[in-house]
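One letter stands for each residue in the lines below.
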Amino acid sequence: MKLFKQLLVAPAALGLLAPVAATAAELNLDGVNKYASEEQVTSISQFSDVKPTDWAYQALSNLIERYGCVAGYPDGTYKGARAMTRFEAAALLNACLDRVTEVTDELKKLMAEFEKELAILKGRVDGLEAKVGELEANQFSTTTKLKGIATFTIGGASNGYVGAFAPVTVNANNTLQQAATIVSGQQAEKVAFNYDVRLMLDTSFTGKDLLRTTLRSGNFGGSVFGANGSALLETAFQEEAGSDVVSIDRLFYQFPIGENFTGTFGAKVRQDDMLAMWPSVYPTDSILDRFTLAGANGAYNLNLGAGAGIWYEKEGFSLSVSYVSNEYAAPYSYQQNTVVNGVTTGGGLGDGSTTTVQVGYAAKNWGAAFAYNYTEAASILGGITTLPTEVNVYNVNGTNNYGFSAYWQPEQAGWLPSISAGVGASQYNGSNSSDDTWSWMVGLQWADAVIKGNAFGIGLGENNTDVNQFGLEVWYKFQVTDNISVTPAIFWIENGGFDYSARTTDDSFGAVLKTTFKF
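The structure displayed is predicted, hence computed values, not measured ones.

**Observations concerning the overall build of the protein**
Tallying secondary structure elements over the protein gives six helices and 20 strands in all. Every one of the 519 residues in the protein was classed for burial, and the buried ones make up 43%. Once local pairs closer than 6 in sequence are excluded, the contacts in the protein between residues at least 24 apart make up 63%. Counting every atom, the protein has about 26,600 Å² of accessible surface; 60% of that belongs to carbon and sulfur.

Put into structure tokens, the structure is as follows:
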């Protein structure tokens, strides 16, 4: 404090002590008496001759508001343009020093009163500084964030089956030598316990771009809920191998181009990674995978492989264009079914490279999109359960897929659910054009159902290939904590199972309990 006073007083003191020859009139003692005797000013607006445009306006305002040590003349003026006498300077300086001293004394009293609390806070701050230093020294990366999701499922499905795939040549007279697969009949286990783990490394170099690397592993491959099973779960979709092998599930880079464009390219990028909007609010982590495709199973086949795309987005309107090569095809059993001797069997790896165009609009609580997807001829087509006498091979010359999907959700949780709906159609080119397929779905979800944070949902829809496959799922998600949820569910799939004794399709009923951990 002594140093502060010395610094504050020194300039004025030098001026006050300088030898000056002055008369009594020049000192204007009467003016000093009037200046010192007036009440302190509380606002700079009280001075009629001080304007915001004056060069010292802010400094004068600070002296008044912070220290209250500025006085004026009886006529309500400050007279900032006239010369200041040494007596006036002494009066002003004395008033300011008194105020500063008062403030300092108050601070000393407060510090003494809260001495213990201040000591505790100082200790905590020192501890935080040490921890921050340790984190900075051992942090994984300054540009990368790690997110993860682990899912455990236990459940089963009646009349379920699991396909073991082996490529063979079908219809040797066909010069194209189209390939298909034989599914050796394996009855699925009545109850299966499976897991799926994904670790996402999101890196940003500019704050606006994204490099995503996803590691994935699971064991759904031999389960009725896996990619080759009769009741494909969303969790198991596109899980490679499914035999406890960690693999790269995503590897792509996304970046802005100007103000309204976004570009994406990668060695492992999925169709929906390159869409400006997703035309459904039915949760993509629900139960059966068929209800997470916005009703247009052909248009939104979620092909995964090397690809690139670009989208334009402005004021809710968007246009997306993308291409994904055929790394391996999307395993939709209900999209690639084949009839053999009157029996519909599960399809296998079915899609080739895809080119997708989507036009969409997303408002505050509703949205809609139209999608077109051209799927090139695949190298592996269809699926059969017995050595065929006739095989209906799909996608010989490519497929044109169309979809229209929309959603609406209430602004606040209540009795009204969010509604998602969509329809889709697939047109097969060439000799098999008569085997065109279509699909539709409706998804309802009630947020904060019964308990805040929980959710209740119903999904229903149909996939029409050679036979109708109507499906229904009902689920309730318990949000145990912010990072843990438990979802029991039941489902039914018309013609979704296989009766091995009669060699015919049959309905499939099932139940599953899913536990999800996010971190």
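**Observations concerning the environment of Gly422**
If you trace the backbone, Gly422 turns up in strand β15 (residues 418–428). Spatially, the C-alpha atoms of Gly422 and Ala368 are 9.3 Å apart, while their sequence positions differ by 54 residues. Not counting residues within four places of it along the chain, the set of residues in contact with Gly422 comprises Ala294, Gly295, Phe404, Ser405, Ser439, Trp440 and Met441.

**Looking at the pattern of salt bridges**
Tallied over the full model, the rule gives nine salt bridges. The salt bridge partner of Asp126 is Lys122, with a shortest N-O separation of 3.2 Å. Separated by four residues within a single helix, Asp126 and Lys122 lie in helix α6 (residues 115–138), roughly one turn from each other. Note on Lys122: relative accessible area 55%, which makes it exposed. Note that Asp249 is salt-bridged to Arg216, the shortest N-O span being 3.8 Å. In this pair, Asp249 sits in strand β6 (residues 247–257) while Arg216 sits in strand β5 (residues 210–218), placing the two residues 33 residues apart along the sequence. Note on accessibility: Asp249 and Arg216 belong to one class, buried. Among the charged side chains, a salt-bridge network with shared partners connects Asp196, Arg198, Arg216, Asp249, Arg250 and Asp273.

**So, the environment of Lys190**
Tracing the backbone through its elements, the reader meets Lys190 in the loop between β3 (179–187) and β4 (192–203). Look at Lys190 and you get exposed, because its relative accessible area is 59%.

**Quick look at unusual backbone geometry**
The backbone phi angle of Leu302 is positive, close to 55°, even though this residue is not glycine. A positive phi angle, near 55°, is found at Asp448, a position not held by glycine. Mapping Asp448 onto the fold places it in the loop between β16 (437–447) and β17 (455–464). On the accessibility criterion, Asp448 (34% relative accessible area) is partly exposed.

**Side note on the packing of aromatic side chains**
Summed over all chains, the structure comprises 17 aromatic pairs. Judged by centre distance (6.3 Å) and plane angle (65°), the rings of Tyr282 and Trp475 are edge-to-face. Remark: Trp475 occurs in strand β18 (residues 468–479) and Tyr282 occurs in the loop between β7 (261–270) and β8 (304–314); sequence separation between them is 193 residues. Residues Tyr282 and Trp475 agree in their burial class; the two are buried. For the ring pair Trp492 and Phe509, a centre distance of 6.3 Å and an interplane angle of 20° mean the geometry is stacked. In this pair, Trp492 sits in strand β19 (residues 484–499) while Phe509 sits in strand β20 (residues 504–518), placing the two residues 17 residues apart along the sequence.

**Here we look at the pairing of β16**
Sheet analysis places β15 next to β16, joined by nine bridges and oriented antiparallel. Across the sheet, residue Ser418 finds its bridge partner in β16, namely Gln445. Here β16 runs beside β17; their pairing, made up of ten bridges, is antiparallel. Pairing of Gln445 across the sheet is with Gly457, part of β17.

**Some words on the nonpolar core**
Across soluble globular proteins, nonpolar side chains show a tendency to be buried alongside one another. Formed by 19 residues in total, the largest nonpolar core has its most connected members in Phe225, Leu233, Ile287, Leu288 and Phe491. Ranked by the residues each element gives to this core, the list is headed by β19, at three residues. Those residues in contact with Ile287, other than ones at most four positions away along the chain, are Leu233, Glu234, Glu473, Trp475, Thr487, Ala489, Val512 and Lys514. Within the second largest apolar cluster, ten residues are counted, among which are Val41, Val50, Ile64 and Cys96.

**Observations concerning the confidence of the model for the protein**
Per-residue confidence for the protein gives a mean pLDDT of 76; residues scoring 70 or more make up 73%. Here strand β11 (residues 343–345) is the element of the protein with the lowest mean pLDDT, 36, and strand β9 (residues 317–324) is the one with the highest, 97. In the predicted structure, residues 328–351 sits below a pLDDT of 50 and forms 108 contacts with residues beyond four places in sequence or in another chain. When the criterion is pLDDT under 50, residues 379–394 qualifies, and its contacts beyond four places in sequence or with other chains add up to 59 contacts.

**Digging into the environment of Arg270**
With respect to the element layout, Arg270 can be found in strand β7. In this structure, the C-alpha to C-alpha distance between Arg270 and Tyr323, residues 53 residues apart in sequence, is 9.5 Å. Separated by 2.8 Å, the side chains of Arg270 and Asp272 make a polar contact.

**Digging into helix α4 (residues 57–67)**
All of the buried residues in α4 are Leu60, Ser61 and Ile64. Burial along α4 is one-sided: seen end-on, the buried residues are contained in an arc of 100°. Exposed positions of α4 whose direction lies more than 90 degrees from the buried face are Gln58 and Arg66. Within two residues after α4, Gly68 carries a phi angle of roughly 60°, on the positive side.

Here is what the cut-offs are and how they apply
- Residues numbered from 1 in each chain as written.
- Predicted model: local features only at pLDDT ≥ 70, side-chain atom pairs only at ≥ 80, totals over all residues.
- Heavy atoms only, no water.
- Helix = DSSP H or I, 4+ residues; strand = E, 2+ residues; numbered from the N terminus.
- Buried < 20%, exposed > 50% of the residue type's maximum accessible area, 1.4 Å probe, protein only.
- Contact = heavy atoms within 4.5 Å.
- Areas by Shrake-Rupley, 256 points an atom, 1.4 Å probe, with all protein chains shown as cover.
- Salt bridge = Lys/Arg side-chain N within 4 Å of Asp/Glu carboxyl O.
- Phe/Tyr/Trp six-rings, centres within 6.5 Å; stacked < 30°, edge-to-face > 60°.
- Pairing = 2+ DSSP bridges.
- Core = buried A, V, L, I, M, F, W, Y, C linked by side-chain atoms within 4.5 Å.
- pLDDT = per-residue confidence, 0-100.
- Polar contact = N/O pair within 3.5 Å; in protein donor to acceptor, adjacent residues only side chain to side chain.
- Arc of directions from axis to C-beta.

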